[in-house]
Amino acid sequence: MTEGGERDMETMYLACLIVGILYAVVSVIFGDWLSQALDGVFDFLSSEGWSFLQPMTLVGSITVFGGAGYLLTEYSALGGWSILLLAALIAAAAGAAVYFLYVRPMENSENSIAFSMQSLPGALGEVIVPIPGEGYGEVLLKVGAGVTNQIAASFEGKPIPAQSKVVVVDVKDGTLYVSEIDL
């Protein structure tokens, strides 16, 4: 490569490095605000079918490409094409590492606390506000990855004291009908 070509490559490496760093800083500082302000304009970038094309993986690879290319240009005796190839290989390895060590495990660890009232019969819980024979109290149930407290009434019409273990028997009009159990 000519000296002018090497300077062009060095400029490209620096541009990749600087753009990647700026992207990281802007997304950390203004990410949530920009997401709300743009209201999903860039949602197409997080395609469901191509999870390895996450912005974190792509921009991370571009940043590593720029940094590796610049450092190899400054501190090695390699030629322009060798540096380009080596920087691309280092970027691909870094992108794969980010994907397999961070992005993919985070996709698999997503838990939902969503539930349906119709899915609660059979669920075990604990009374947190005593339930009178005729009236309402409150129970705490573990659902999915979280807990929820719900209005409850006695299924059998018997009072149920606080800290009693209960099972949901039925759900009507947003009220859980529970029975006390001994575990």
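Residues numbered from 1 in each chain as written. Predicted model: local features only at pLDDT ≥ 70, side-chain atom pairs only at ≥ 80, totals over all residues. Heavy atoms only, no water.

As for the pairing of strand S4 (residues 165–172)
And step 1. Sheet analysis places strand S1 (residues 124–129) next to S4, joined by three bridges and oriented antiparallel. Residue pairing in the sheet places Glu-126 in a bridge with Lys-165 of S4.
And step 2. Of the pairings in the sheet, the one linking S4 to strand S5 (residues 175–180) comprises six bridges and is antiparallel in character. Residue pairing across strands places Asp-170 opposite Tyr-177, the latter belonging to S5. (Pairing = 2+ DSSP bridges. Helix = DSSP H or I, 4+ residues; strand = E, 2+ residues; numbered from the N terminus.)

Notes on the side chain of Thr-148
And step 1. Mapped onto the secondary structure, Thr-148 falls in strand S3 (residues 146–154).
And step 2. Only 2.8 Å separates the side chain of Thr-148 from the side chain of Gln-150, close enough to count as a polar contact.
And step 3. In this structure, Thr-148 is in contact with Phe-115, Val-139, Leu-140, Leu-141 and Val-143, ignoring residues within four places of it in sequence. (Polar contact = N/O pair within 3.5 Å; in protein donor to acceptor, adjacent residues only side chain to side chain. Contact = heavy atoms within 4.5 Å.)

Some points on the environment of Glu-180
And step 1. For Glu-180, the position within the fold is in strand S5.
And step 2. Of the residues examined, Glu-180 reaches a relative accessible area of 40% and is grouped as partly exposed.
And step 3. The sequence separation of Glu-180 and Ser-164 amounts to 16 residues, and the corresponding C-alpha distance is 6.7 Å.
And step 4. Ignoring anything within four residues of it in the chain, the contact list for Glu-180 reads Ile-160, Pro-161, Ser-164, Lys-165 and Val-166.
And step 5. Separated by 3.3 Å, the side chains of Glu-180 and Ser-164 make a polar contact. (Buried < 20%, exposed > 50% of the residue type's maximum accessible area, 1.4 Å probe, protein only.)

Points about the environment of Gly-137
And step 1. By the secondary structure assignment, Gly-137 is in strand S2 (residues 137–143).
And step 2. Measuring from C-alpha to C-alpha, the distance between Gly-137 and Leu-176 comes to 9.8 Å, with 39 residues separating the pair along the chain.
And step 3. Aside from chain neighbours lying at most four places away, what touches Gly-137 is Val-129, Pro-130, Ile-131, Pro-132, Gln-150, Ile-151 and Ala-152.

Describing the packing of aromatic side chains
And step 1. By the definition in use, this model includes two aromatic pairs.
And step 2. Relative to Phe-65, the ring of Tyr-13 lies with its centre 5.4 Å away and its plane at 70°, an arrangement referred to as edge-to-face. Separated by 52 residues along the polypeptide, Tyr-13 in helix H1 (residues 3–38) and Phe-65 in helix H2 (residues 55–75) bring together distant segments of the chain.
And step 3. Given a relative accessible area of 15%, Phe-65 falls into the buried group.
And step 4. Taken together, a centroid distance of 4.9 Å and an interplanar angle of 75° make the contact between Tyr-99 and Phe-100 edge-to-face.
And step 5. Across from the ring centre of Tyr-177, 5.8 Å away, lies the NZ or CZ of Lys-172, which sits over that ring. (Phe/Tyr/Trp six-rings, centres within 6.5 Å; stacked < 30°, edge-to-face > 60°. Lys NZ or Arg CZ within 6 Å of the ring centre and 35° of its normal.)

Observations regarding unusual backbone geometry
And step 1. Phi angles above zero are rare outside glycine, and Gln-163 is one such case at about 70°.
And step 2. Its location among the elements puts Gln-163 in the loop between S3 and S4.
And step 3. Using a relative accessible area of 61% as the deciding quantity, one classes Gln-163 as exposed.
And step 4. Notably, Asp-173 is not glycine yet its phi reads approximately 50°, a positive angle.

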